[in-house]
Structures are given as structure tokens and as C-alpha cells.
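Notes for the structure review
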Amino acid sequence: MDPIHQFEIKKLFVLGHIGGVEIAFTNSALFMFAAVAIIIGGMVLVTAGAGNVPGRSQSLVEMIYDFVADMLRQGAGEEGMRFFPLVFALFSFILVLNLFGLIPGFFTVTSHLVITATLALIVFFTVIGYGIAKHGFRFFKIFVPSGIPIFILPLVTLIEIISFLSRPLSHSMRLFANMLAGHITLKVFASFIGMLATGLGVFGFLVGILPLTMTVALTALEFLVAFLQAYVFALLTSIYLNDALHPGH
Amino acid sequence: MARRASDSRPAEGVDDPALAARLGRLTRELDALTPAPPQVSEKNPGPKGDAAGLAKGLRMSSELVAGVIVGGVIGWGVDWLTGYRPWGLMIFMLLGFVGGTLNVLRSAGLVAPAKIPDEK
């Protein structure tokens, strides 16, 4: 009945030790492998039998491709397409993991901050690395706006740096918090049904219809959130990449 | 000469004026029968606009909090390094609040994003 219990990491087997730290294969790792297997397997299977007239599964894959490509072109321009593999991988990985979480009994990998923070930091360091590689140390001038009086320039620069550093935090927290909160709400409402039925008998069964309706509605909402969070994550990735590609615009 | 019926420029390449007139009339009649695509506007942004609008709203919710947290962590670090407790935390948390507000305004498109100034 504990609504947090579903997020527990369980060790499936221990792989070994590195410097006294145990490296174990967990249920989280299992679901990540499963997601990658489904994405790659699905893409390979569908594109192997691709025809000029797409079938049902081919249409779906092409739709996802077009969706991500359109978003990236709008966010980062035509040059941004060189980052398409990164953005597409992030989008499909997060989407599949979010949807996995909605299957009863499955583990929600994206409800762990360590996973979402790692993904956000990949984007963060890609932006910094590519920005420096392309523009040299001139890239750091994005922190120093032009046309500011010299005596408040240090303050504004400090604010710009804080604003830049807060990006990976908000990027990762948004996905993590939405998935965590959604799953806890779902669990709490669902547990009300059992509580009412055992506590109030026949009358409890009748009142239990209310939380049941709520649970059904929330499940539908969670499907929307699962897609939307993957979309927001990929959209922000392309907006941040735009900074590295065209910081002068 | 095989032409598709949906081709809306029958006049070119059709020698017979009567045929051209008939094709022109057909085009007009087909246009009248085809329902006009829904107008995409600010009020009715279409299905893609809905997702984009929701995404925009969801973005803003966490931008402010992230700024404050980053400011607080930097301030705590400064205090830990210099020992001027609690001045670092106070100043940097306020700066973080300003940074978070800047993030919110940027994600709403009210402030221009940071850019490299042009070389003179």
C-alpha cells in the first residue's frame, strides 16, 4: 500500500566490484535494456521491410521520425539536423520508458532523478563542448551581454551564469517530478478503492466508484504526460543546441 | 497526353479551348466540394499548436525553481569556502531568484536569448 514502494531499486544480480563499489544489474537497468531493445528492434524490423507505400508500423516509425525532425528544424534550424541522432535517441528512449511505466507492475525508470539528470547533463555538456569547438572561447561571451553599463555588468554576468547553470536542473527535474508525482497520485487513488471496500463494506463499494473513475481518468492523463514530457525534453534539447549552433542570433 | 484530374492548371499544354474550359470548370467545382482546411491562427493553433502550448506551459513551471535552487547551492558553496555565513547564501539566492525570473521570461519569449555580441 506504500505509494513509494513502486520506485524501489532491486538488485537482480551482482556483476562485480569496482574500487569497493558494488556494480549490480538492477531492475532499472533491465528496463533500460528492454527499452533500447524495443526501439532498435522495432526500427530495424520496420525499415528492413520498408516499401514505398508504408504499412501500419512503417507509418508509425515515419511519423515519429518526421515529428522529431520537424521539432529539431524549428528549434535549431537546418544545421541542427547534425544532432538528430542525439535528439531522436533521447526522445524515443524517454518516450518508451515513460510508456513502460504505465504498464501495471513495470518499473518507471524516468522517475529517478539520477537517470534524468544524466540525460540532461549529456545535453548540457554537448552544448558547451560543441559551442567551444565551433566558436572557441568566444562562446563564453553569451554570459556577457552587450550594451550594459560597465558598473552593473558583473552583476548581469553573474545572473546570466546562474541562469545557464539552472538549465540542466530544470531540464531533469521536470521529467523526474512529473513521472514521480503522476505515479504516486495514481497509486494513492487506486489504494482508496481497496480501503473503502474493506472499511465500509457494501457502502464502500458504491463510494469506491468515485476513486475508480478518478484512477481511470488519471491513467489517461498519464499517457498524455508520458508523451508530453518526452516531447518537452527533446524540444528543450533542440532549443539548447540552438545556442551552441547560432549563439549570435 | 495523360494528365491527372487533380492538376489545377489545365490551360497550359491543352490545345483544345473547349477542353480547357471544361477542365477549368471541373477544377472550380472540385475546389467548391473540398472542405477548406481549418484556419490555423493564434486562437486555434491546430493539434500541433496544442502540444507546443502545453509544452510551453510545462516549461515555465520549473524554470523559476531551478534558478533559486542553483543560486542557493552556489551561495552555500561560497559560504562553505569563505566562511562568511550566511551572506553568500543570502546574496546568491536572491541572484538565483533573478536568474530564475530571467529563465521564465526567456521561455515565454519576452526577453531575447543570450547571444555573443558582434565584434566591432
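Everything below is about the structure printed above this text.
Heads up: these notes are all about the structure in this document. Quantities reported herein were computed from a predicted structural model and do not represent experimental measurements.

1. Looking at the overall build of chain B
- Within chain B one finds three helices and zero strands.
- Looking at chain B residue by residue over its 120 residues, the buried ones come to 25%.
- Counting only contacts in chain B whose residues sit at least 6 apart along the sequence, the fraction spanning at least 24 positions is 38%.
- Roughly 8800 Å² of accessible area belongs to chain B as shown, and the carbon and sulfur atoms make up 65% of that amount.

2. Let's talk about the packing of aromatic side chains
All names here are of chain A.
- Scanning the model with the defined rule gives 21 aromatic pairs over all chains in all.
- With centroids separated by 5.7 Å and ring planes inclined at 45°, the aromatic side chains of Phe67 and Phe91 adopt a geometry described as tilted. Of this pair, Phe67 sits in helix α2 (residues 56-76) while Phe91 sits in helix α3 (residues 84-101), and the two are 24 residues apart along the sequence.
- For the ring pair Phe100 and Phe106, a centre distance of 5.8 Å and an interplane angle of 70° mean the geometry is edge-to-face.
- Grouped by ring-pair contacts, the aromatic residues Phe124, Phe125, Phe137, Phe139, Phe140, Phe143 and Phe164 constitute a single cluster.

3. So, the interface of chain A and chain B
- Taken together, the contact pairs 32 residues of chain A with 29 residues of chain B.
- A buried area of about 2700 Å², summed over both sides, lies between chain A and chain B, and 69% of it is on carbon and sulfur atoms.
- When the area that chain A buries against chain B is broken down by residue, the three leading residues are Arg138(A), Ile159(A) and Ile162(A), summing to 19%.
- In this assembly, chain A and chain B are joined by two salt bridges.
- A salt bridge links Glu63(B) to Arg174(A); its shortest N-O distance comes to 3.9 Å.
- Inspection of the chain A/chain B interface yields five residue pairs in polar contact (both at pLDDT 80 or more).
- Counting only elements with at least two residues in the side of chain A that touches chain B, the list comes to α2, α5 (153-200) and α7 (209-245) of chain A.
- Sorting elements by how many residues they give to the side of chain A that touches chain B places α5(A) first, with twelve residues.
- Across the side of chain A that touches chain B, the residue classes tally to 20 nonpolar, seven polar and five charged.

4. Notes on the nonpolar core
- Among the nonpolar cores identified, the biggest contains 52 residues, and Val68(A), Phe91(A) and Tyr231(A) are the most heavily contacted of them.
- Contact partners of Tyr231(A), with chain neighbours within four places excluded, come to Phe67(A), Met71(A), Phe91(A), Ala51(B), Ala52(B) and Ala55(B).
- Core analysis: the next-biggest nonpolar cluster, separate from the first, contains six residues, Ile159(A), Ile162(A), Val70(B) and Leu95(B) among them.

5. Description of a nonpolar patch on the surface
Residue and element names in this part refer to chain A.
- Residues Leu12, Phe13, Leu15, Ile18, Val21, Ile23 and Leu30 make up a contiguous nonpolar surface patch of roughly 660 Å² in combined accessible area.
- Sorting the residues of the nonpolar patch by element identifies β1 (11-18) and β2 (21-26) as the ones contributing at least two each.
- With four residues, the single largest contributor to the nonpolar patch is β1.
- Mapped onto the elements of the fold, Ile18 is located in strand β1.
- Since its relative accessible area comes to 60%, Ile18 is described here as exposed.

Calculation criteria
- Residues numbered from 1 in each chain as written.
- Chains lettered and ligands numbered in written order.
- Predicted model: local features only at pLDDT ≥ 70, side-chain atom pairs only at ≥ 80, totals over all residues.
- Heavy atoms only, no water.
- Helix = DSSP H or I, 4+ residues; strand = E, 2+ residues; numbered from the N terminus.
- Buried < 20%, exposed > 50% of the residue type's maximum accessible area, 1.4 Å probe, protein only.
- Contact = heavy atoms within 4.5 Å.
- Areas by Shrake-Rupley, 256 points an atom, 1.4 Å probe, with all protein chains shown as cover.
- Phe/Tyr/Trp six-rings, centres within 6.5 Å; stacked < 30°, edge-to-face > 60°.
- Buried area = accessible area lost by both parts, 1.4 Å probe.
- Salt bridge = Lys/Arg side-chain N within 4 Å of Asp/Glu carboxyl O.
- Polar contact = N/O pair within 3.5 Å; in protein donor to acceptor, adjacent residues only side chain to side chain.
- Nonpolar A, V, L, I, M, F, W, Y, C, P; charged D, E, K, R; others polar.
- Core = buried A, V, L, I, M, F, W, Y, C linked by side-chain atoms within 4.5 Å.
- Patch = residues over 30% accessible without salt bridge, like charges linked within 9 Å, V, L, I, M, F, W, Y side chains within 5 Å.

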